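Given next are the chains, with one letter for each unit.
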Amino acid sequence: MASGCPWERAAAAGEEEALRKLLVRLRNVQQRKRPETLVQTLSDMLELAARQSAPRLFGGCNAHVPLLLVLDLYAGAAGVQQMGWSLLCKLIEICPSTLQNIALKDVGKDWEVLGVHQQILKMLAVHKGNVNLSITGLKTLNLLLMSDVIAFLLLEEEVDVFSLVFNAMHTFPKNEEIQQYGCRALCKLFEKVPEEQLTEFVESKDHMIILEVFKEFPEKEEVILPALYSLHSLAGPCNNVEVLMSGNVRCYNVIVEMMKSFPNSETVQEVCCCLLHKLTLGNFFNILVLHKVPEVIVKAVKMYSENAKLQAAALSCLALLTETIFLNRDLEERKEEEEEEKLCWLEACYRALELHRKNTDVLEAACWALKNLFLYQRSLHEKIGDGDNQFPIDRAVMLSMLMHSSSKEVFQAAASTLAILSQQNVNIRKTLLAKGIHMNVLEIMRKHPHSPEVAESACRILNHVFEGSFPHLDIMTVAASEVVKAMRKHEKSLSVQLEALRVLLHFMMPGNSSRNMGDAAFTLTVKVIKSQCLLEGTHSLVLGALNRFIGNPSIQRCGLKLLTSVAECTGALEILTQQGATDTVLHTLQMYPDEQDIQSLGLSLLLFLITRKSLCIATMHVLATVLVSTLRRFKEVTEIQMHGFHAILSILGFSPCFAKLLINESFDTVIFYQMSMCFTNQRDRQFQSLCCKCFAKIAENDDLKNMMLEKACVEYNSIMAECLLLLGADINKKTKTSSLIYQVCEKGNNPKLVELLLANGAREQDVRSALTISIKRGDSQIISLLLKKLSLDVANSSICLGGFGIGRLEPSWLIPLFPDKLTPPRKQNAGSALARMVLKYQMKNISEDRSGTCSDLNFSEDGMDKNYDWDFISDPLVDTVFPSSDDIDSEGSEGSLFRKKKSNSIAVADLHCRELAFQRGSPTLPRHSYSVGPGSDYEPLVKQRRKLLLSDEHPRISKSSLYLRPSDSLSSLISEKECIKSLDLSSNELENIDAISQNSSLTSHLEHLDKLELHQNALTNIPEQLCENLKCLTYLDLHSNRFTSFPTYLLKMNCIAYLDISRNDIGPSFALDPHLRCATLKQLNLSYNQLMGIPEFLANVAENLEQLLLEGNKISCLSSPMSLKELKILNISKNNISSLAENVLMGCTKLELLNARMNALEMIPDLSSSITTLKLSQNCFINVPETILLLPHLRSVDLSQNKIISLPGPVHWKSLNLRELLFNHNQIGVLDLSEKACAWSRLEKLHLSNNKLKEWKNYTVTTANEMQTN
């Protein structure tokens, strides 16, 4: 009840009475009541709610209940909605409990009324085009969102509240109140939805509506501020950051402009710094720096130093952007001093440390900002101290670390900052040590034993603080113990393990600058620390770190150094070997093949770890891979090469089978290269001995020699290939893939190596496959060498290139195939000289092994000087001539035979024999002339020499006995033969051979040919000039080409007897020159062309023709006499011949075989009595022609597949020599054998199948060997 003077009480009573009446009207409202009345009622209530006494009047009257009922009933009345929601907003403002009451959903217990969250959504949706209602609705929505319950209900509704807000802002973009209330509502809603939904808003570009606010109201802080808060909420997910940083309107530009527009608004500056911090986390550092973001942040930090939230966000941004800032500064041409003054935040960080000592967020951000600032501006540490124009930042950071020792984040940031300072400034380092920073750090480590971050930061600062000094033994003992505990506790943390290893490495392998005591005391202290670490199991932790963090090279470097240091302790090697240190080191070497320091450390450690007991087959496999890989990569690093070759020799001493594993890993390539370096005096003598001993050991094994030969061929190393062949390698040894010569030809461009392989007995099938790939590549010189090997048949005076599929024919390919002059002997080359060097070395090894004087891996330099002359070879990888004075006999008495350790190795005398063979031989020699291997003719010689080498006697062998006989060479063999007589170029897809006819060098060889095969190509003509050059040719095969006309000049060749030009496209006719005479032509094959008749004047030109083949043409009639008196065989089958003139064959008095099958003949004219064979199947005969029955010498008749209805009996046939009667597939119904059946007594075949036989009369023929009937 109101108190005061009477008039005040009276006024209050009047107000209460007025409110009571208004509430009665509101409660008694009917749906059909005029909206104007309701609007007036609501207006009167709103007027009362605006008075000062409103909280007293409306408190406890529950005016919201009838109000919400009215709003529900009159949802479509804009006036009612405007006044009603305005009144509800006022009620919530004057009576905060109203918000709680309407959220309980007790409105309208007797009425079905929508909840307030449903009604506000409905109003915004129904009246979305009404600006006033939109303002009132968004304002009400902001008030309702203060209730978590209502906010939850709004988000659960099917109607999307976000869509309604965005729609209102989009519909009225220039209305300040709508944009303000809309951004506020969005900000509150964004805070209550998951990140996935925030991502959806940005993906659907709803954020663009918020960005438009900055364009429309750039000077309205009350509108800008909620928009910034909304963006801050949207910038939470990383995906949203990427979108906000891109596009036409980049968010960072907007933020920078706002910070510049409102420099005096602390709130704007604060939210902008927080928003930039979120954008900075998106790793768009360079974009932010280029758009002046650091400048506005630095200004904000300096202006609002007491705002803790701003300081934390801004300094965090600067810490993240420091690297990019200084990198860009280096690229820009600006005055360095101005930039430093403009962007340096050293003083700001110091003030933050002083003003916010109790705020851990600010302290952490300031320390990280300082750390990165010192890291990238290395001269800045000079401003740290107690002097003038200096800041005691080291004390402030240390104080922060000690004050908040329970905060892991602060300690981590502070320790990192102090670590950088101590690394850069010696005075700060000494100051920190003097103040006992290391003890404080160790104490904090004990306080946070389960925090890997604390352990990492502590080890890092210890490592830098102890740099350049050698602490007292007690300090190192305590520190090492704590570090080992941290390693054991956080064994899965990479950063902890790395920093801990660095601290231990500082103790166990201190630098020379750390020596501040006598050498003896220093050595003793280090030894004590090493022993302590070994006792505490440090080696196990190091091995564990190496294995667990194999992907981190820094850990591998530190770990290998520590293991090397620990290995110096007594008994450490055995312990390390038992715990698998060898495998760990090998794994590290495998993971970092390109890291020189890791490889050097690992190989040096392997030298100590490898023992006979530690080697197994699996370990040796890995060792071979690692060693060869490292030696190949660092072929110029002598230190690594020495370590590697020492390890290889050591393992070969334990297990000779290791050599094969090395070769499988391409160690031969490594040793080839290193030997070449030795020859050119680019390696010292100690390494020369190591290199040569490795090669000599490996070359003693025949299988390994073969494998090295294959590698030499693959690498085009003809020198090493020749050397290995001289040492006994087998060229035809089976390889994993293709043959050696195929591999060489596949790569191409090395005819010298191809010639070398051909000269050493490459198999024919391998040469053929090599030819195929060489033709595809088009290597002319190699093709010529291969063709010479394959095609030249000296015994038969022929060159056979048929079926090679060459595609084209170059004269340069053919010329070398024709023997001409003797090939001059080759000069001595690098391969033979190298082979002699290896043999000398092997002889020395055998001699030293027998005498037992060589127990060390290295040879003395005196021994090297006595047995080697490395300087006499200028470069073994160049095909050069070596001094002939360096002969095998120069080492001892003339012709002496050195002995080898292995029984199957080649001797020096064998080597000399091979050299002579290489120099005199030719690629076409058979394999037994050169090859050394199973099944070769050389094998007995090898066996004989094995016996000599194993005996104690040294027989004398004269040089003359080692030379091959001249008759063994190809040139001498050819000189005893005639010239090449036959040339086969068939099946090569040749389109023309003009080049052959135009080359004068080939003319002298072609003149001697008597047979030329060009069939199955793609020729359209044959050069007339070529025919003129073929003066002795008797046989020419041109079938299956593409001739369209008959080249008549073929018949001008002097000796041509056989001419086959079948299966072309010649036709439909051609005439020969009646004055031309070709008396030598015996056989002419024109089958399968397009001819429609016999060539004109053929009888005049080829009067001695014996065989004429016209099968498969388009001849329909033969009307002119043929008059070929010597013709014996005529084949006109597979044409369309329906008739033959009466006298067409009468001039062929010696005709023996007529083949006219598969035509349309019904009759046949008189035939020559000399005919013995007739083939007339598949024609249209109805009866057997009388002229056939009267042939006296007929032996075989084939009239199958005709329409013959009657077969004359034996009495009707004049010939008594019939052997075959083929009448199957006809219409024969009766076979009469009643008369003179004995005339068929010699019949061997009688085929009558598929006829209509119904009756056999007096069947008495029993001599037929083959009879077929129905």
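Residues numbered from 1 in each chain as written. Predicted model: local features only at pLDDT ≥ 70, side-chain atom pairs only at ≥ 80, totals over all residues. Heavy atoms only, no water.

- Going by what an unreviewed UniProt entry lists, the chain is known as Leucine rich repeat kinase 2 and is assigned to Phasianus colchicus.

Details of the overall build of the chain
Thought 1: On a plain count of helices and strands, the chain comes out with 58 helices and 19 strands.
Thought 2: A buried classification covers 54% of the 1270 residues belonging to the chain.
Thought 3: The long-range fraction of contacts in the chain, counting pairs at least 24 apart against all pairs at least 6 apart in sequence, stands at 65%.
Thought 4: Summing over all exposed atoms, the chain offers an accessible surface of approximately 56300 Å²; the carbon and sulfur share of this is 49%. (Helix = DSSP H or I, 4+ residues; strand = E, 2+ residues; numbered from the N terminus. Buried < 20%, exposed > 50% of the residue type's maximum accessible area, 1.4 Å probe, protein only. Contact = heavy atoms within 4.5 Å. Areas by Shrake-Rupley, 256 points an atom, 1.4 Å probe, with all protein chains shown as cover.)

Some points on the packing of aromatic side chains
Thought 1: If you walk through the whole model with that rule in mind, you get 11 aromatic pairs.
Thought 2: Residues Phe162 and Phe190 carry aromatic rings whose centres are separated by 5.8 Å and whose planes lie at 10° to one another, so their mutual orientation is stacked. Of the two residues, Phe162 sits in helix α10 (residues 161-171) while Phe190 sits in helix α11 (residues 176-190), which places them 28 residues apart along the sequence. Of the two residues, Phe162 and Phe190, neither departs from the other in class, the shared state being buried. (Phe/Tyr/Trp six-rings, centres within 6.5 Å; stacked < 30°, edge-to-face > 60°.)

Thoughts on the side chain of Asp1198
Thought 1: Relative to the elements of secondary structure, Asp1198 occurs in strand β14 (residues 1196-1198).
Thought 2: No salt bridge is formed by the buried Asp1198. Its closest oppositely charged neighbour is Arg1157, at 5.5 Å.
Thought 3: Polar side-chain contacts of Asp1198 include one of 2.8 Å to the side chain of Ser1200.
Thought 4: When near neighbours in sequence (up to four residues on either side) are disregarded, Asp1198 contacts Leu1174, Lys1175, Leu1176, Ser1177 and Leu1222. (Lys, Arg positive; Asp, Glu negative; His and termini not counted. Salt bridge = Lys/Arg side-chain N within 4 Å of Asp/Glu carboxyl O. Polar contact = N/O pair within 3.5 Å; in protein donor to acceptor, adjacent residues only side chain to side chain.)

Points about the environment of Ile287
Thought 1: Structurally, Ile287 is set in helix α18 (residues 285-290).
Thought 2: Exposure remark for Ile287: the relative accessible area of 28% places this residue in the partly exposed category.
Thought 3: Sequence spacing of Ile287 and Ser246 is 41 residues, and the spatial spacing of their C-alpha atoms is 9.9 Å.

Observations concerning helix α23 (residues 360-376)
Thought 1: If you check α23, its first and last C-alpha atoms are 25 Å apart, about what 17 residues at 1.5 Å a residue would give, namely 24 Å.
Thought 2: Every buried residue of α23 is listed here: Val362, Leu363, Ala365, Ala366, Cys367, Ala369, Leu370, Lys371, Asn372, Leu373 and Phe374.
Thought 3: The opening residue of α23 is Asn359, an N-cap whose side-chain oxygen sits 3.0 Å from the backbone nitrogen of Asp361. (Expected span 1.5 Å × (residues − 1).)

Some remarks on the nonpolar core
Thought 1: Counting 395 residues, the largest nonpolar core has Phe58, Phe658, Phe667, Ile1022, Leu1036, Trp1213 and Phe1223 as its most contacted members.
Thought 2: Among the elements that line this core, the one with the most residues is helix α20 (residues 308-331), at 11 residues.
Thought 3: Each of domain 1 (9-159) and domain 2 (740-792) contributes no fewer than three residues to this core.
Thought 4: Setting aside chain neighbours within four positions, we find Phe667 in contact with Val628, Leu631, Phe645, Ile648, Leu662, Cys694 and Ile698. (Core = buried A, V, L, I, M, F, W, Y, C linked by side-chain atoms within 4.5 Å. Domains from an automatic or database assignment.)

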